[in-house]
Amino acid sequence: QVQLVESGGGLVQPGGSLRLSCAASGFLVESYATWWFRQVDGKEREEIVCISSSDSMSYLEAMEDRFTVSSDHPKNTVYLQMNSLKPGDTGVYYCARGGSTCLEGKHFEVWGQGTLVTVSA
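In what follows, the accompanying structure is described. Since this is a predicted model, take the numbers as computed values, not measurements.

## Some thoughts on the packing of aromatic side chains
- Inspection of the entire model under this criterion finds 8 aromatic pairs.
- With 4.9 Å between their ring centres and 85 degrees between their planes, F37 and F108 make a pair best called edge-to-face. Placement of the pair is F37 in strand β4 (residues 34-39) and F108 in the loop between β9 (91-97) and β10 (110-111), with a sequence separation of 71 residues.
- Seen in terms of ring centroids, F37 and W111 are 4.7 Å apart; in terms of plane orientation they differ by 40 degrees. Their pairing is tilted. Pair noted here: F37 is in strand β4 and W111 is in strand β10, with a separation of 74 residues, a long-range link.
- Clustering of aromatic rings is evident, with ring pairs tying together W35, F37, Y59, Y94, F108 and W111.

Analysis parameters
Residues numbered from 1 in each chain as written. Predicted model: local features only at pLDDT ≥ 70, side-chain atom pairs only at ≥ 80, totals over all residues. Heavy atoms only, no water. Phe/Tyr/Trp six-rings, centres within 6.5 Å; stacked < 30°, edge-to-face > 60°. Helix = DSSP H or I, 4+ residues; strand = E, 2+ residues; numbered from the N terminus.

Dropping the structure here:
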């Protein structure tokens, strides 16, 4: 079955850290671009970052120093390390499968169910 499953969300204090996981099954993450999205403050979901075997892109300039994407091909998993979290980061975080590269375009074929991140004192 082709599937993405996010995990790692939860409640964290401002300034804390979380590592989100996006575990793939039914395909190899190294063959596709994997994207992280979030939906915060009632806004439509927004792109955070993308990673593939050949490129990567960041779509939230302000997050570049706090959020880091990585992949572990043997585990077929992509991660989003989130540091120095702020209350404004509260929301649902999703991963999705795109084309073979990040540059290829915003066409998302497979989505995870999302994981909730709550940043609160």
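There is more to say, and it comes next.
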